[in-house]
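# Working through the structure, step by step
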Amino acid sequence: MKNFGFFVLTLSLAAGLGTACSQEASTAQNPSSGNCTPLETRTANAPDQKPVFAGQTRACAITSTTAFQVETLATGLEKPWAVEPLPDGALLVTEKPGRLRIISATGQVGQPITGVPAVDARGQGGLLDVVLSPSFSTDRTIFWSYSEPRNGGNGTSVARGVLSQDRTSLSQVQVILRTMPTFNGDKHFGSRLAFGPDGNLYVTMGERSELMTRPQAQHMDSHLGKILKITPSGAPAPDNPFVGQAGALPEIWTVGHRNVQSAAFDAEGKLWVVEMGPQGGDELNLIQKGKNYGWPLVTYGEEYSGKPVPNAVTQKEGFEQPVYYWDPVIAPSGAQFYTGDAFPEWRGSLFVGGLKDKRLVRLKIENGKVTGEEHLLADRGQRIRDVRQGPDGALYVVTDQSNGELWKISPR
């Protein structure tokens with residue numbers, strides 16, 4: 001594993017853009033009115049499907065003006081899945097095969113931390129997300145999600161443990177959530193973790209991909225295809241909408257998701273997720289208590305075979321519409337609302353990792369709608385798995401490669 005230290009690549013913020021309006025003010029224009037050029041101009045996968053409202057897809061291209069630099073802090077990481085900044089500037093990084101490491105602010109890569117439970121790393125499984133306890137400064141507790149090997153298959157689980165003072169081991173490790181049912185598969189585990197302003201933990205799930213498991217996204221006796229809300233001890237949050245409802249699992253917060261690997265709270269405390277849809281159907285959703293987001297009954301896009309999603313429509317009463325969708329898709333993973341001082345121009349923007357097109361997506365959101373989209377870092381040609389904001393206001397990115405990298409984005 002090689003530490004690149006402070007090898008710096010300096011870029012303008014226009015790097016990686018295909019088409020862009022010259023001023024960010026253009027985001028106030030409606031892409032359907034013809035007054036701007038939408039960022040996405042490729043042929044749609046499902047061209048016969050139409051958005052419900054203007055700006056729901058193909059937003060105006062925007063270009064920020066602030067210059068930045070990209071430092072490659074570390075290479076040689078094996079399929080890193082999450083990066084979580086620590087208060088002192090160091091970074092926790094998960095690697096899909098089951099390793100958790102700390103990388104210093106200057107790029108020194110630590111040895112794997114001991115005490116992490118075994119993972120099933122087949123396919124899309126492995127060691128997935130990691131977040132700090134809201135009271136990490138006093139309890140040194142971290143939480144992580146992973147695909148847990150089980151009798152009969154595997155399933156997404158969430159564990160917690162206490163990081164030792166020397167940062168080499170975990171103690172008091174406890175699995176606080178085992179999602180059900182167990183299934184013998186290797187896809188659509190979710191799962192991002194995000195602590196809300198109320199101190200509860202939100203856990204995003206996938207529906208395990210297969211035709212036989214998809215319907216469970218609508219079944220209340222299954223965790224698959226849901227967003228869950230639990231306390232730090234793993235109990236169902238007391239205000240969950242289906243607590244006490246016969247046949248419903250009490251951890252469920254929302255229903256009808258395909259595979260959510262991006263979740264972030266905005267400055268107002270609202271939870272947004274970006275979920276991997278079918279071909280031509282990645283979605284940005286504003287998450288509201290007890291709502292149904294449709295999958296697999298209501299969706300944009302089509303099967304990856306090119307066939308329609310069976311028995312699905314793009315809108316139906318009682319189901320939420322996405323705030324925004326991509327056709328073609330970006331394959332989203334990781335999300336961060338920017339709140340820092342390093343890039344004033346970016347405050348309020350939502351950053352999303354893009355796996356398929358190998359770029360960092362920036363969305364400008366105003367009054368609950370996407371008014372502009374920018375693509376960054378496409379010239380680097382790496383699948384972006386996660387993006388987080390550090391205490392210094394920089395953005396930290398990990399790339400989904402066998403020889404994965406950790407990048408720091410800071411002002412030039």
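The text that follows walks through the structure, step by step, so that each part is easy to find.

Rules of the game
Residues numbered from 1 in each chain as written. Predicted model: local features only at pLDDT ≥ 70, side-chain atom pairs only at ≥ 80, totals over all residues. Heavy atoms only, no water. Helix = DSSP H or I, 4+ residues; strand = E, 2+ residues; numbered from the N terminus. Contact = heavy atoms within 4.5 Å. Phe/Tyr/Trp six-rings, centres within 6.5 Å; stacked < 30°, edge-to-face > 60°. Buried < 20%, exposed > 50% of the residue type's maximum accessible area, 1.4 Å probe, protein only. Lys NZ or Arg CZ within 6 Å of the ring centre and 35° of its normal. Pairing = 2+ DSSP bridges. Axes fitted to C-alpha atoms, helices over the stretch in contact; angles between N-to-C directions. Polar contact = N/O pair within 3.5 Å; in protein donor to acceptor, adjacent residues only side chain to side chain. Disulfide = S-S within 2.5 Å. Salt bridge = Lys/Arg side-chain N within 4 Å of Asp/Glu carboxyl O.

A word on the side chain of Thr 156. The residue Thr 156 is located in strand 8 (residues 153–163) in this model. Contacts of Thr 156, omitting those with residues within four sequence positions, involve Tyr 146, Arg 150, Leu 177, Arg 178, Thr 179, Phe 189, Ser 191 and Met 205.

Quick look at the packing of aromatic side chains now. For the structure shown, the criterion picks out 11 aromatic pairs. Ring geometry for Phe 68 versus Trp 346: centroids 6.2 Å apart, planes at 55 degrees, classification tilted. Pair noted here: Phe 68 is in strand 2 (residues 68–77) and Trp 346 is in the loop between strand 18 (332–337) and strand 19 (350–354), with a separation of 278 residues, a long-range link. A single burial state applies to Phe 68 and to Trp 346, both of which are buried. A centroid spacing of 5.1 Å and a plane angle of 90 degrees characterise the contact between Tyr 324 and Trp 326, whose relative ring orientation is edge-to-face. An identical accessibility class is assigned to Tyr 324 and Trp 326; each is buried. Within the aromatic cluster, the residues linked to one another by ring pairs are Phe 68, Tyr 338, Phe 343, Trp 346 and Phe 351. Over the ring of Trp 295 we find Arg 258, and its NZ or CZ is 5.4 Å from the ring centre. We note Arg 380 situated over the ring of Trp 407; from NZ or CZ to the ring centre the distance is 4.3 Å.

On to the sheet that holds strand 4 (residues 91–95), then. In space, the 3 strands of this open sheet follow the order 3-4-5, with antiparallel pairing throughout. The two strands at the open ends of the sheet, each matched to only one other strand, are strand 3 (80–85) and strand 5 (99–103). Direction aside, neighbouring strands of the sheet carry axes that sit 20 degrees apart on average.

Moving on, we come to the side chain of Arg 385. Take Arg 385: it is sitting in strand 22 (residues 384–389). There is a polar contact of 2.7 Å between the side chain of Arg 385 and the side chain of Gln 261. The contact partners of Arg 385, leaving out residues within four places of it in the chain, are Pro 80, Trp 81, Arg 192, Gln 261, Ser 333, Gly 334, Leu 355, Val 398, Thr 399 and Asp 400.

Here we take up the state of the cysteines. A complete count under the given rule lists 1 disulfide for this structure. A sulfur-sulfur separation of 2.2 Å characterises the disulfide bridge that pairs Cys 36 with Cys 60. For the disulfide bridge between Cys 36 and Cys 60, the dihedral angle about the S-S bond is near -90 degrees, and by the sign convention the bridge is left-handed. Here the residue Cys 36 occupies a position in the loop between strand 1 (7–11) and strand 2, and Cys 60 occupies one in the loop between strand 1 and strand 2, the gap between them amounting to 24 residues. An identical accessibility class is assigned to Cys 36 and Cys 60; each is buried.

Looking now at the environment of His 375. Checked against the element boundaries, His 375 lands in strand 21 (residues 369–376). Sequence separation of His 375 and Asp 357 is 18 residues, and the distance between their C-alpha atoms is 9.7 Å. At 3.2 Å, the side chain of His 375 forms a polar contact with the side chain of Arg 359. Polar side-chain contacts of His 375 include one of 2.8 Å to the side chain of Glu 373.

Turning our eyes to something else, we now look at the sheet that holds strand 14 (residues 260–265). With antiparallel pairing, 4 strands are arranged side by side in an open sheet as 14-15-16-17. With one partner strand each, in any of the chains shown, strand 14 and strand 17 (324–326) form the two edges of the open sheet. Across the sheet, the mean angle from the axis of one strand to that of its neighbour is 15 degrees, orientation sign disregarded. Relative to strand 17, strand 16 (residues 282–286) is paired through 3 bridges, and the arrangement is antiparallel. The partner of Glu 283 across the bridge, within strand 17, is Tyr 325.

So, on to the environment of Lys 369. The topology assignment puts Lys 369 in strand 21. Considered as a pair, Lys 369 and Ala 54 are 315 residues apart in the sequence and their alpha carbons are 9.6 Å apart. Those residues in contact with Lys 369, other than ones at most four positions away along the chain, are Phe 53, Val 323 and Lys 364.

Attention now goes to the pairing of strand 8. The buried count for strand 8 comes to 10 of 11 residues, which makes it a mostly enclosed element. The sheet contact formed by strand 7 (residues 141–150) and strand 8 spans 10 bridges and is antiparallel. What sits directly across from Phe 143, in strand 8, is Arg 160. What sits between strand 7 and strand 8 in their antiparallel hairpin is a turn of 2 residues, with Gly 152 showing a positive phi close to 90 degrees. Connecting the antiparallel pair strand 8 and strand 9 (residues 170–178) is a turn made up of 6 residues, with Arg 167 showing a positive phi of about 65 degrees.

Looking now at the pattern of salt bridges. Using the criterion set out here, one finds 26 salt bridges in the structure. The shortest N-O distance in the salt bridge between Glu 78 and Arg 99 comes to 2.5 Å. Residue Glu 78 is located in the loop between strand 2 and strand 3, and its partner Arg 99 is located in strand 5; the two are separated by 21 residues in the primary sequence. For Glu 78, a relative accessible area of 35% translates into the label partly exposed. Exposure remark for Arg 99: the relative accessible area of 25% places this residue in the partly exposed category. A salt bridge links Arg 362 to Glu 374; the nearest nitrogen and oxygen atoms lie 2.8 Å apart. Of this pair, Arg 362 sits in strand 20 (residues 359–366) while Glu 374 sits in strand 21, and the two are 12 residues apart along the sequence.

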